[in-house]
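# Topology and contacts: notes
Residues per chain, in single letters:
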Amino acid sequence: MAAFEEIEGKAQELFRSYGYTEIRTPIFESKDLFVRSVGSDTDIVSKEMYVFKDKKGRELTLRPEATASVVRAWLENNLGADGGVSRLFYIGPMFRHERPQAGRYRQFHQLGCEILGAGTIEADVELIDLTMRLLQTLAIDGQLKINHIGGDEDKRRLADAIRSQAAGMIDDFCSDCRDRLDRNALRLLDCKNPKCRTLVEERILPSLPQSDSPEFVQLKKGLTELQIPFLVEPRLVRGLDYYTGTVFEVTSDMLGAQDALLGGGRYDNLVSELGGPSTPAVGFALGLDRLATLLIESDRDYRPHAPFFFVIGLGEAPRIKASRFAQLMRRAFETRTLSEGGAHRRIDLELQGRSLRSALKQADKLESQYAVIIGDEELERGTVVLRDMTGGNQVDVEIGEMSEHSVIRAAIDDGIRELVEARKTGQTVKE
Ligand code: AMP
C-alpha cells in the first residue's frame, strides 16, 4: 500500500499540474459498451471479460479497462459541451480473466489519462511527456516504444498484408495466432511466443509498409524536441480495436515476461462509435501493480514512521488522562506544524493496558523517540514523566506546560525546518 500511495500521490500532483481532473466511473458497465469499443474480436472481449446478468437479465461486465467507461461518462454528462479540451485521469481496479502469473492478475489496478477533443499531435507528445515524467519522478527507468497504425483503412490494409504473408506458413504459428489470423491479424505482430516472434521478425515485418505518415513524422519531431528518447517498434499494434494513429508502450527491463508498464494511443473514432460527435482523443493506462513491484524492489524505505511520543497510562484513571494527553499533543502538532503545510509527528497511545515494563519495551520496539508516562502520582500532581528513549533520561513536566516544553518546541521547529528545506528541494516531507 505504501508503494501504491507513493505512486498515486505523485501521479495526482503531476496530473493536476498538467491540467487534469479526476473522473470516477462505476466498476461495472453494460457488456455492450466494451463489445462496441474494445472490439468483439479482441482477446479482452472474447476471452477475458467477467460477464454476469443482473435481476432483469441485463448483461453486465466488470470493467476490463477504463477508456470506454470514461468516454461513456463524458458523453452522458455532457463534459465536452464547451467544445474545449477535456483532460481527465482515473485510478482504480480493472478485471480480466487471464491466466494469473507474476505481474498479471485478474483484479489489477490502472491509472490513466485521457485527452478528449484534441486532434493535434502535440496532444500525443504532451501525454507521452507526462507518462515519462511520472516514471522519472518515481526514479523508474522505462523504454518508450512508439508506432503509428493509421486510420481504419490503413489498419485493414495492414491486416490484409499480414494475412497474405502469413497464409503460406500459418501452421508454423501458435494456435492463438492461427485463431487470430482471420479475426484480428494485427495481433500476430505482438505475439509473445518465441517461434511466432522469429517468424514475424524474419518473414512478416520486412514485407510490411513502414508508416511514414506526416503525423508520425511530427510525433517523432515533437518527442525529439522535448528530449524524450524513443524507439520505433513496428511490431507494436496494441490489443484494442479502438486505436488509430499513434500507439505507444513503455516497458521495463526489471519486469519479467509481463514487461509492459503502460500503454496508450490515439482513438479518434471511439467517441463517435459510442454515439457522440466526432471527437479526436488520446490516452494511456499504466499498470499500478507492476509499477509498485518495481518500487518495492528498489531500495526505498517503506517502514511506517516511528512514533514521536508513546503515551502510557498506568491504571484506570491515568489511562483516561493519557488519552486526553495524546489528543492534546496531536492537536498541538497539528495546529503548530500542519498549519505550516504538512509535517507532523506520530503519537501513539498504549491501548493494551500493559505494565510499565512491557509498555516501555513496546515503545522501544517501535523506536519511539519519547515515552510519556502517567501514573497515579503524576495524575494527582498534574504532571507527566517524559522519558527520552534513546538515553533513558527522564524529567517530570507539568501537563499545562507541555506544549511549551523545549522538547516539543524543538520537534515542532524541526518539522517546520524540514518542511521549508523540502520545499526548497521540491521533495515531499515524511510525516
Ligand atoms: P492495456 O489496457 O492492456 O493496454 O494495459 C495497460 C497496462 O496495464 C499494461 O501495460 C500493464 O502494466 C497493466 N496490465 C494489463 N493487464 C494486467 C493484468 N492482468 N495484471 C496486471 N497488470 C496489467
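Before reading on, note that the structure itself is shown above.
Rules of the game
Residues numbered from 1 in each chain as written. Predicted model: local features only at pLDDT ≥ 70, side-chain atom pairs only at ≥ 80, totals over all residues. Heavy atoms only, no water. Helix = DSSP H or I, 4+ residues; strand = E, 2+ residues; numbered from the N terminus. Rg over C-alpha atoms; globule rule 2.2 N^0.38 Å. Contact = heavy atoms within 4.5 Å. Lys, Arg positive; Asp, Glu negative; His and termini not counted. Charge placed at Lys NZ, Arg CZ, Asp CG, Glu CD. Buried < 20%, exposed > 50% of the residue type's maximum accessible area, 1.4 Å probe, protein only. Pairing = 2+ DSSP bridges. Phe/Tyr/Trp six-rings, centres within 6.5 Å; stacked < 30°, edge-to-face > 60°. Patch = residues over 30% accessible without salt bridge, like charges linked within 9 Å, V, L, I, M, F, W, Y side chains within 5 Å. Areas by Shrake-Rupley, 256 points an atom, 1.4 Å probe, with all protein chains shown as cover. Salt bridge = Lys/Arg side-chain N within 4 Å of Asp/Glu carboxyl O. Near = heavy atom within 4 Å. Polar contact = N/O pair within 3.5 Å; in protein donor to acceptor, adjacent residues only side chain to side chain. Nonpolar A, V, L, I, M, F, W, Y, C, P; charged D, E, K, R; others polar. Axes fitted to C-alpha atoms, helices over the stretch in contact; angles between N-to-C directions. Parallel < 35°, antiparallel > 145°, perpendicular 65-115°, else oblique. Left-handed = near helix turned anticlockwise from the far one by under 90°.

### With respect to the overall build of the protein chain
In terms of regular secondary structure, the protein chain is built from 15 helices and 16 strands. Expected size for 431 residues packed as a compact globule is a radius of gyration near 22 Å; at 28 Å, the protein chain overshoots this value by more than 25%. With the C-alpha coordinates of the protein chain rotated into their principal frame, the extents come out at 90 × 45 × 45 Å. The contacts in the protein chain between residues at least 6 apart in sequence include a share of 68% that link residues at least 24 apart. Looking at the protein chain, you have 58 positive and 69 negative side-chain charges, and the mean spots of the two groups are 3 Å apart.

### Concerning the pairing of strand S14 (residues 370-374)
Among the five residues of S14, five are classified as buried, and the element is accordingly described as predominantly covered. By the alternation rule, side chains of S14 split into Tyr370, Val372 and Ile374 and Ala371 and Ile373, which are all buried. In this sheet, S14 lies alongside strand S12 (residues 309-313) in parallel orientation, the contact comprising five bridges. Paired with glycine 313 across the two strands is isoleucine 374, which belongs to S14. Pairing analysis gives four bridges linking S14 to strand S15 (residues 383-388), with the strands arranged antiparallel. Looking at S15, one finds that alanine 371 is bridged to arginine 387.

### Examining the packing of aromatic side chains
Geometry of an aromatic ring pair is reported as the spacing of the ring centres plus the angle between the planes. As enumerated under the stated definition, the model contains 10 aromatic pairs in all. Centroid distance phenylalanine 15 to phenylalanine 284: 6.4 Å. Interplanar angle 75°. Geometry classified as edge-to-face. Of the two residues, phenylalanine 15 is situated in helix H1 (residues 2-17) and phenylalanine 284 in strand S11 (residues 281-287); the sequence distance between them amounts to 269 residues. The same class applies to phenylalanine 15 as to phenylalanine 284, namely buried. Among the aromatic side chains, those forming a connected cluster through ring pairs are Phe15, Tyr20, Phe89 and Phe284.

### Notes on a negative patch on the surface
Taken together, the side chains of Asp41, Asp152, Asp241 and Glu273 make up a negatively charged region of the molecular surface. Mapped onto the elements of the fold, glutamate 273 is located in helix H10 (residues 270-273). With relative accessibility at 37%, the residue glutamate 273 sits in the partly exposed group.

### Observations concerning the pairing of S15
Look at any regular strand and the pattern is simple: side chains alternate between the two faces of the sheet. Examined bridge by bridge, S15 and strand S16 (residues 394-398) share five bridges and lie antiparallel to one another. Residue pairing across strands places arginine 387 opposite glutamine 394, the latter belonging to S16.

### Brief notes about the site of the ligand
Within the structure, the ligand sits among 14 residues, and Arg96, Glu98, Tyr105, Arg238 and Ala260 are positioned closest to it. Tyrosine 105 is positioned with one of its backbone polar atoms (N or O) 2.8 Å from a nitrogen atom of the ligand. One nitrogen or oxygen atom from the main chain of leucine 262 is found 3.4 Å from an oxygen atom belonging to the ligand. Protein chains shield 92% of the accessible area of the ligand, which is 480 Å² for the free molecule. Residues that form the shell around the ligand fall into these classes: six nonpolar, three polar and five charged.

### Here's the deal with the environment of leucine 286
Counting through the fold element by element, leucine 286 comes out in strand S11. What makes leucine 286 buried here is its relative accessible area of 0%. In sequence terms leucine 286 and arginine 157 are 129 residues apart; their C-alpha atoms lie 30 Å from each other. Not counting residues within four places of it along the chain, the set of residues in contact with leucine 286 comprises His109, Gln110, Leu111, Leu134, Leu135, Leu261, Leu262 and Leu291.

### Concerning the packing of helix H5 (residues 121-137) against helix H9 (residues 214-225)
It is the contact of H5 with H9, at a shortest axis distance of 9 Å, that shows an interaxial angle of 40°. Judged by the angle between their axes, H5 and H9 are oblique. H5 and H9 meet at a crossing whose hand is right-handed. Across the interface between the two elements, Ile121, Glu122, Asp124, Val125 and Ile128 from H5 touch Glu215, Gln218, Leu219, Gly222 and Leu223 from H9. For the contact of H5 with H9, a count of residues per class yields five nonpolar, two polar and three charged.

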